[in-house]
Number of protein chains: 2
Amino acid sequence: MGSEAGRRLNLDTINQHVRAAKYAVRGELAVKSEEYRLALAKGATDLPFKQVISANIGNPQQLDQKPITFFRQVLSLLENPQLLDKPDVLVNELGYKPDVLERARKLLKAVGSVGAYSASNGAPAIRQSVAEFLERRDGFPARWEDIYLSAGASSGVNTLLHIICKDSSSGVLVPIPQYPLYTASLSVLDAQCVPYYLEEHKNWGTDVSAIRSSYDKAVADGIDVRAIVIINPGNPTGASLPESDIRAVLDFAREKRLVVIADEVYQTNVFVGEFISFKRTLRRLQQEQPGAYDAVELASLHSVSKGMVGECGHRGGYFELVGFDPAVQNEIYKFVSIMLCAPVIGQCLVDLMVNPPRPGDPSYDQYRAEYDAIYRGLHERATALHKAFEQMEGVECGAPQGSMYLFPTIRLPPKAAEAAAAEGRTPDEFYCMRLLEATGVCVVPGSGFGQKEGTLHFRTTFLAPGTEWVGSIVKFHREFMDKYR
Amino acid sequence: MGSEAGRRLNLDTINQHVRAAKYAVRGELAVKSEEYRLALAKGATDLPFKQVISANIGNPQQLDQKPITFFRQVLSLLENPQLLDKPDVLVNELGYKPDVLERARKLLKAVGSVGAYSASNGAPAIRQSVAEFLERRDGFPARWEDIYLSAGASSGVNTLLHIICKDSSSGVLVPIPQYPLYTASLSVLDAQCVPYYLEEHKNWGTDVSAIRSSYDKAVADGIDVRAIVIINPGNPTGASLPESDIRAVLDFAREKRLVVIADEVYQTNVFVGEFISFKRTLRRLQQEQPGAYDAVELASLHSVSKGMVGECGHRGGYFELVGFDPAVQNEIYKFVSIMLCAPVIGQCLVDLMVNPPRPGDPSYDQYRAEYDAIYRGLHERATALHKAFEQMEGVECGAPQGSMYLFPTIRLPPKAAEAAAAEGRTPDEFYCMRLLEATGVCVVPGSGFGQKEGTLHFRTTFLAPGTEWVGSIVKFHREFMDKYR
């Protein structure tokens, strides 16, 4: 006692489900990149690069994306409502348009103070705003009582998985490659991730026969498969699902009584095709075959973190429940109550996202111009990065479709795999670590998202501005291939 | 299939640990009070009261507490940094002092944009600010690497319990009466709450002999008791622990190898005695007996939600770890990474809380005046409410000591207990429901916090302004006692 040995907690005595969880997006590479960033800030000159490019995480405003002016003007008034006592100064000297003041007054009426707790599932007036947005988007009714405001979509996913997973035999179908939130949360919950592979050769499309075979295998292994996660548009793949795929997934969910978790946070990051929501498709199926789909339970999520909003630091989001038992919704309410409520200023940002200035509003022209410029910028950067990948030996990458990521396949020489093994790393981890050391560009090894046996990938965002960093990847890759040839 | 019966989720098929969790602070009474509030807003005239007083939850700004001007001015600039391009307008026309602009610039340098993710455990510069605050407060060094910024203290508690609880035999000592966050979180985790009773006759003090007997009983029952929670100052009791009690708890923790979770969110809400931190006391013990306390693991939590700050809607907080294994800290980092980071504007508010204007700063006088007025107002309201309780038959309540709550004992006539049983309620639930229906005042039945067999209490905040609501409680109580006499 009294010595270090007397500690209660060590790696073997803590919760082993937490220990087993993996979260590569912020793993060893991310930590090392932050060390480099700090060293550069302190004036280090012994590194072969002058800046760190954090292409490992979809963090738009850390890179180049500017916040939407209308949104931030409103938020500034919510934080300091006393400014509303000087409308002339706001309008004449600070360039705030009258609709900024009007929206701030409306939101303050809805929440009281952004420093006060809201209802556990969010301010009713903002949930009403979300419901109206969903009606406009989908052409079907939405009920504000079924909207739950959350601290980003991650917190909503955490809530849903907590309710759905009953014990260690509970399983959830998760697309591979996937965003590690799902595997990590399931690991912490001691529930089973049931992976299903996306079809890389079909632009990472979703194939129900692959889902079915994963499901059958899991059931044969004694897993009680309860839900299916669909990320649409895909992360890390960017693929937007056609309506026929969504229908096929809903059919399968109906057949197997699976709760559908539709992660739709990239719904505005679409370059190819169009975003079609699970909610709209479900309602259409219900129209076409009355009664047949009434028991399908759908939870769909969205957030302020991605898209042209890009406000992930504000931790705002929501999920909508369709077809859920009201008694289960009461339990969800109780569960979210334990953490009290989502950040209220983030809730207000959800309101702004779903209800932005409309044509004719004083702030509309500027909003539209900013929004379109961000969209164009993302598309241009994605295209430039894709072009660079096309030049690289052993690298294959589908054309950018959406989200904020590219997820190229890389084929590395056997010697590279040997060198990786000698370091105790997978070849993709080895490659990404050397890339970071040589260029300051931080990407995520594909193994962090799961991948098919024998294939290698990495995920990179296309958020960073400029082309220099893209050139540095091309140069690194050539040297790497030469070295291990 | 295809019918309601085909749903996957119902009360029996969801996670039963979530179902078993109780969270009275936002339970049936709170929901009913919101219904009344909505009815009144829609013009209802058939209720025996004109407003709902939410005395069930420590939500300062929902009631009367105004935000601190300096804080909100800085936050408004963080939300809209373009305002910093017009310093003359800010200073001359909007009354912003130069230190407001300076702090905003400093924080923007620290976080980049409040719309960007920070490091998973918070922006390093803000963690540094917290460490410096702890050094000033305690007179002992603090390391910024040991500070974790969280979405309110609740999220920090959730993290700590996730790491500490290994399986369903893991137990945590929790004070009774307690804040239901602890019991609810342990229930969700399927771990064991090991209750220890506070000493009501000693102003709800903490008695190590009571802790020891709870511990012994739990161990005899096969529970692996791993940690002890201390809420200081107490919620719902308001008691501030003397240093001798803190030492006794730390001794016990050392003896039994218990992680100490010191919930210190009410550290500035102290009317009687003084707040003494667990960290300071631990460091003193380590000075007095070198080596003897090195293995004690302490996690202490604070937040922006309470005190004179009262910004609970912003979900800001932190915890400091002392004596933890670095490998365990890495696991904590990974765990918090899954939810990405605490809201960045809330992180900035933590910086403002721990580093407010100092004497000589341009904003100091106003800050001090606002802070002191809030403190005085809380003390006056607590005293008025306490006086009212002293007049009420069968009600006993110690003098207000701190936090935001009073927790009176009530003795109800046997007929009231019978009427409660007929409704399927505990007597305190029955009493609180009748109180809400008659007066619009929402309080929390003591059973929501746990209480000794055969005793009845309720918890009320003393945040609401005015004396009318206090009078309405007195009148209700008299009529209730007359009815069931």
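Because the structure is a prediction, the values reported are computed rather than measured.

Trainee: Describe the interface of chain B and chain A, and please don't skip the residues or the numbers.
Mentor: On the side of chain A, 105 residues touch chain B, which itself brings 105 residues to the contact. When chain B packs against chain A, the two sides together hide about 8600 Å² of surface, and 56% of this comes from carbon and sulfur. Applying the counting rule to chain B against chain A returns four salt bridges. With a shortest N-O distance of 3.1 Å, Arg8(B) and Asp224(A) are connected by a salt bridge. Inspection of the region where chain B meets chain A yields 59 residue pairs in polar contact (both at pLDDT 80 or more). Taken together, the residues of the side of chain B that touches chain A sort by class into 49 nonpolar, 32 polar and 24 charged.

Trainee: Describe the pattern of salt bridges, listing the residues and the values that go with them.
Mentor: All names here are of chain A. Counted according to the given criterion, the structure contains 54 salt bridges over all chains. Two residues, Glu243 and Arg247, come together in a salt bridge whose shortest N-O distance is 3.3 Å. Of this pair, Glu243 and Arg247 both sit in helix 10 (residues 243–256), separated by four residues, roughly a single helical turn. The closest approach of N and O atoms between Glu331 and Lys334, which form a salt bridge, is 3.0 Å.

Trainee: Give a detailed account of helix 2 (residues 28–41) of chain A, specifying residues and quantitative values.
Mentor: Residue and element names in this part refer to chain A. With 14 residues, helix 2 should reach 20 Å at 1.5 Å per residue; the first-to-last C-alpha distance of 20 Å fits that figure. Here helix 2 has its buried residues at Leu29, Ala30, Ser33, Tyr36 and Leu40. Buried positions in helix 2, seen along its axis, are confined to an arc of 115° and lie on one side of it. In the core, the buried residues of helix 2 are packed alongside helix 16 (427–439), strand 12 (441–442) and strand 13 (444–445). Immediately downstream of helix 2, the backbone of Gly43 shows phi near 95°, a positive value.

Trainee: Can you break down the sheet that holds strand 7 (residues 298–303) of chain A residue by residue, with the values?
Mentor: Residue and element names in this part refer to chain A. Here we have seven strands laid out as an open sheet, ordered 2-8-7-6-5-3-4, and mixed in their pairing. Among the strands making up the open sheet, the edge pair consists of strand 2 (147–150) and strand 4 (192–197). The sheet shows a mean angle of 25° between the axes of neighbouring strands, direction not considered. Across six bridges, the pairing between strand 7 and strand 8 (residues 317–322) is antiparallel. Paired with Leu301 across the two strands is Phe319, which belongs to strand 8. Across the face of the sheet, helix 7 (residues 152–164) comes into contact with strand 2, strand 3 (170–176), strand 5 (224–231), strand 6 (259–263), strand 7 and strand 8 while running at roughly 160° to strand 7.

Trainee: Tell me about empty space enclosed by the protein, residues and numbers included.
Mentor: For the structure on display, the rule yields 13 cavities of 30 Å³ or more. One number sums up the size of the largest cavity: a volume of about 850 Å³. Asn158(A), Met339(A), Ser155(B), Asn158(B) and Met339(B) are, among the 42 residues lining the largest cavity, the residues nearest its centre. Elements supplying a minimum of two residues to the lining of the largest cavity: strand 2, helix 7, helix 8 (181–188) and helix 12 (326–338) of chain A together with strand 2 (147–150), helix 7 (152–164), helix 8 (181–188) and helix 12 (326–338) of chain B. With six residues, the single largest contributor to the lining of the largest cavity is helix 7 of chain A. Considering only residue class, the lining of the largest cavity consists of 23 nonpolar, 17 polar and two charged. Approximately 200 Å³ is the volume attributed to the second largest cavity. Forming the walls of the second largest cavity are 21 residues, and the residues nearest its centre are Ser154(A), Tyr179(A), Val265(A), Lys306(A) and Tyr117(B). Looking at the lining of the second largest cavity, the element that brings in the most residues is helix 7 of chain A, giving three residues.

Trainee: Could you give an account of the relation of the copies chain B and chain A, with specific residues and numbers?
Mentor: Copy one and copy two of the chain differ by a rotation about an axis and a translation along that axis. Here chain B sits on chain A after a turn of 180° about the axis and a move of 0.0 Å along it, with an RMSD of 0.0 Å. Put plainly, the chains are arranged around a two-fold axis. Considering only C-alpha atoms, the part of chain B nearest the rotation axis is Ser76(B), at 2.1 Å. Most of the interface of chain B is mirrored in chain A: 100% of its interface residues are interface residues there too.

Trainee: Lay out the packing of helix 14 (residues 364–391) of chain B against helix 17 (residues 468–484) of chain B in plain terms, naming residues and giving numbers.
Mentor: Residue and element names in this part refer to chain B. Running from N to C, helix 14 and helix 17 cross one another at 15°; their axes reach a closest spacing of 10 Å. By the angle between their axes, helix 14 is roughly parallel relative to helix 17. Helix 17 is crossed by helix 14, and the crossing has right-handed handedness. Residues Ala384, Leu385, Ala388 and Gln391 of helix 14 lie in contact with helix 17, whose contacting residues are Trp469, Val470 and Val474.

Trainee: Just give me the short version of the side chain of His457(B), but keep the residues and values in it.
Mentor: Residues and elements named next belong to chain B. Relative to the helices and strands, His457 resides in the loop between strand 13 (444–445) and strand 14 (458–461). The class of His457 is buried, set by a relative accessible area of 1%. A polar atom in the side chain of His457 sits 3.3 Å from the side chain of Thr409. What His457 contacts, discounting residues up to four positions off in sequence, is Glu200, Trp204, Phe407, Pro408, Thr409, Ile410, Asp428, Pro445, Gly446 and Gln451.

Trainee: Any details on the packing of aromatic side chains? Residues and values, ideally.
Mentor: Counted under the stated rule, the structure contains 36 aromatic pairs over all chains. A centroid spacing of 5.7 Å and a plane angle of 80° characterise the contact between Tyr266(A) and Tyr405(A), whose relative ring orientation is edge-to-face. Residue Tyr266(A) is found in the loop between strand 6 and helix 11 (278–288), and its partner Tyr405(A) is found in strand 10 (residues 405–406); the two are separated by 139 residues along the sequence. Take Tyr266(A): its relative accessible area is 3%, and that puts it in the buried class. Judged by its relative accessible area of 2%, Tyr405(A) falls in the buried class. Centre to centre, the rings of Tyr431(B) and Phe458(B) are 5.9 Å apart; their planes meet at 25°, and the pair counts as stacked. Highlighted residues: Tyr431(B) in helix 16 (residues 427–439) and Phe458(B) in strand 14, separated in sequence by 27 residues. As far as burial versus exposure is concerned, Tyr431(B) and Phe458(B) are alike and both buried. Counting every residue linked through ring pairs, the aromatic cluster contains Phe389(A), Phe430(A), Tyr431(A), Phe458(A), Phe476(A), Phe480(A) and Tyr484(A). The ring of Tyr405(A) has Arg459(A) lying over it, and the distance from NZ or CZ to the ring centre is 3.8 Å.

Trainee: Can you break down the UniProt feature "domain: Aminotransferase class I/classII large" (unreviewed entry) in chain A residue by residue, with the values?
Mentor: Taking the numbering used here, the UniProt-annotated feature "domain: Aminotransferase class I/classII large" (unreviewed entry) corresponds to residues 98–467 of chain A. Between the end C-alpha atoms of residues 98–467 of chain A there is a gap of 39 Å, over a span that is 44% helix and 15% strand.

Trainee: Can you explain unusual backbone geometry? Please cite residues and give values.
Mentor: All names here are of chain A. Of note, the bond from Ile176 into Pro177 is cis; its omega dihedral lies within 30 degrees of zero at 0°. Here Pro177 lies in the loop between strand 3 and helix 8. For the bond running from Asn232 to Pro233, omega is -5°, close enough to zero to count as cis. Along the chain, Pro233 turns up in the loop between strand 5 and helix 10.

Trainee: Please provide a residue-by-residue account of the sheet that holds strand 13 of chain A, values included.
Mentor: Residue and element names in this part refer to chain A. A sheet is described by the order of its strands in space; here three strands give the open sequence 10-14-13, paired in antiparallel fashion. Among the strands making up the open sheet, the edge pair consists of strand 10 and strand 13. Note: strand 10 against strand 14 (residues 458–461), two bridges, orientation antiparallel. Counterpart to Leu406 in the pairing with strand 14 is Thr460.

Each value, and the rule that gives it
- Residues numbered from 1 in each chain as written.
- Chains lettered and ligands numbered in written order.
- Predicted model: local features only at pLDDT ≥ 70, side-chain atom pairs only at ≥ 80, totals over all residues.
- Heavy atoms only, no water.
- Contact = heavy atoms within 4.5 Å.
- Buried area = accessible area lost by both parts, 1.4 Å probe.
- Salt bridge = Lys/Arg side-chain N within 4 Å of Asp/Glu carboxyl O.
- Polar contact = N/O pair within 3.5 Å; in protein donor to acceptor, adjacent residues only side chain to side chain.
- Nonpolar A, V, L, I, M, F, W, Y, C, P; charged D, E, K, R; others polar.
- Helix = DSSP H or I, 4+ residues; strand = E, 2+ residues; numbered from the N terminus.
- Expected span 1.5 Å × (residues − 1).
- Buried < 20%, exposed > 50% of the residue type's maximum accessible area, 1.4 Å probe, protein only.
- Arc of directions from axis to C-beta.
- Pairing = 2+ DSSP bridges.
- Axes fitted to C-alpha atoms, helices over the stretch in contact; angles between N-to-C directions.
- 1 Å grid on protein atoms, 1.4 Å probe; cavity = no way out; pocket = protein on both sides within 12 Å on 5 of 7 lines; lining within 4 Å.
- Points joined across faces, edges and corners; volume = space filled by probe spheres on them.
- Least-squares fit on C-alpha atoms with pLDDT ≥ 70 in both.
- Parallel < 35°, antiparallel > 145°, perpendicular 65-115°, else oblique.
- Left-handed = near helix turned anticlockwise from the far one by under 90°.
- Phe/Tyr/Trp six-rings, centres within 6.5 Å; stacked < 30°, edge-to-face > 60°.
- Lys NZ or Arg CZ within 6 Å of the ring centre and 35° of its normal.
- UniProt positions renumbered as here; feature names shortened; annotations may be inferred.

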